[in-house]
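Report on the structure
Spelled out from the first residue to the last, the chains are:
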Amino acid sequence: LAGIVSATAPLPRELAAEAEARWHTELREVFGSTETCVIARRRTAREEAWTLLPGVRLAPQPDGTLVQAAHLPQPMLLADLVELQADGRFHLRGRQADLLEIAGKRASLGDLTRRLLAVPGVEDGVVLQLDACRGDGIGRIAALAVAPGLAAPAIIDALRGSVDPVFLPRRLRLLPGLPRNATGKLCREELLALLDAPAPARSSAMPEAGGDAP
């Protein structure tokens, strides 16, 4: 292989390094959108910051990031939040819709999902915030995970070492798979439906097919 290109969703650094080692080539990750085309790149195995393509400028906004480039007829607003460095590179900090604030503390759904996926035995997963309750106006945290052989309480216990207690999932549902579309993305409505669906029957192949953690 001359090289590997990754797009669509942020690639974990460990996976990028594994791919480079296995196929003896470099992996380049590209960042952009339908409205802006590709605007930045990085070699994920070696760096976390993104490098802008020539002629592209970013202007952070309260609700996203304004992109200016010669190929764009006018500046375009992305929902992604970025943190600019002095050298012109930037870090992604999630999206406004992904940011959480509970009990005066802040976190992001993207970071919580990465911590869930880092639990040994978790093959796939996602963390989401439920709609706000009428009583306190705070949306509780929930999660779905694919983790054959693991029980939901064991995953919660593993998360306690890296996640603030206020952001631990109040509900964690174990499933045989997540409903990703052709580009690997998940639909919130489908995830909510899975959280409320009856637990599937257990089988010898899947000792803990579904369940909730308190």
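This text goes with the structure placed above it.
1. Section: the overall build of the protein
The helix and strand inventory of the protein stands at four helices and 14 strands. In the protein, buried positions account for 35% of the 214 residues. Counting only contacts in the protein whose residues sit at least 6 apart along the sequence, the fraction spanning at least 24 positions is 45%. Summing over all exposed atoms, the protein offers an accessible surface of approximately 12,400 Å²; the carbon and sulfur share of this is 54%.

2. Re the sheet that holds strand β7 (residues 76-78)
Spatial strand order, β5-β6-β7: three strands in an open sheet with antiparallel pairing. The open sheet is flanked by β5 (57-61) and β7, the only strands paired with a single partner. Shown here is a sheet whose adjacent strand axes are inclined to one another by a mean of 30 degrees, direction ignored. The sheet contact formed by strand β6 (residues 64-68) and β7 spans three bridges and is antiparallel. When the bridges of β7 are listed, Val 67 appears paired with Met 76.

3. Regarding the side chain of Thr 113
With respect to the helices, strands and loops of the structure, Thr 113 is situated in helix α2 (residues 109-117). What makes Thr 113 buried here is its relative accessible area of 14%. Apart from residues no more than four positions distant in its own chain, Thr 113 is found in contact with Gly 125, Val 126 and Val 127.

4. Observations regarding the nonpolar core
Note on soluble globular proteins: their nonpolar side chains tend to be buried together. One finds Ile 155, Leu 159 and Leu 172 to be the most contacted residues of the largest nonpolar core, which totals 22 residues. Counting only elements with at least two residues in this core, the list comes to β10 (99-102), α2, β13 (141-146), α3 (152-159) and β14 (171-174). No other element matches the four residues that α3 contributes to this core.

5. With respect to the pattern of salt bridges
For the structure shown, the criterion picks out 15 salt bridges. In this structure, Glu 83 and Arg 93 form a salt bridge, with 2.8 Å as the shortest nitrogen-oxygen distance. Note that Glu 83 is positioned in strand β8 (residues 80-84) and Arg 93 in strand β9 (residues 90-95), a separation of 10 residues in sequence. You can call Glu 83 partly exposed: its relative accessible area is 40%. Because the salt bridges share partners, they merge into one network encompassing Glu 20, Glu 26, Arg 28 and Arg 43.

6. Side note on the sheet that holds β14
Taking strand neighbours across the sheet as the criterion, the three strands line up as β12-β13-β14 in an open arrangement whose pairing is mixed. A strand with exactly one partner marks an edge of an open sheet, and here the two such strands are β12 (124-129) and β14. Strand-to-strand, the axes of this sheet are offset by a mean angle of 15 degrees, without reference to chain direction. Bridge count for β12 against β13 is six bridges, and the pairing is antiparallel.

7. Things to note about the environment of Pro 10
The residue Pro 10 is located in the loop between β1 (4-6) and α1 (13-23) in this model. Judged by relative accessible area, Pro 10 falls into the exposed class, the value being 60%. A C-alpha to C-alpha distance of 8.2 Å links Pro 10 and Glu 29, two positions 19 residues apart in sequence.

8. Some words on the side chain of His 91
Residue position: His 91 is located in strand β9. Overall, the relative accessible area of 16% leaves His 91 in the buried class. Those residues within four positions of His 91 in sequence are excluded, and the remaining contacts are Glu 48, Ala 49, Leu 81, Val 82, Glu 83 and Gln 85.

Cut-offs applied
- Residues numbered from 1 in each chain as written.
- Predicted model: local features only at pLDDT ≥ 70, side-chain atom pairs only at ≥ 80, totals over all residues.
- Heavy atoms only, no water.
- Helix = DSSP H or I, 4+ residues; strand = E, 2+ residues; numbered from the N terminus.
- Buried < 20%, exposed > 50% of the residue type's maximum accessible area, 1.4 Å probe, protein only.
- Contact = heavy atoms within 4.5 Å.
- Areas by Shrake-Rupley, 256 points an atom, 1.4 Å probe, with all protein chains shown as cover.
- Pairing = 2+ DSSP bridges.
- Axes fitted to C-alpha atoms, helices over the stretch in contact; angles between N-to-C directions.
- Core = buried A, V, L, I, M, F, W, Y, C linked by side-chain atoms within 4.5 Å.
- Salt bridge = Lys/Arg side-chain N within 4 Å of Asp/Glu carboxyl O.

Any functional reading would require information that these geometric values do not contain.
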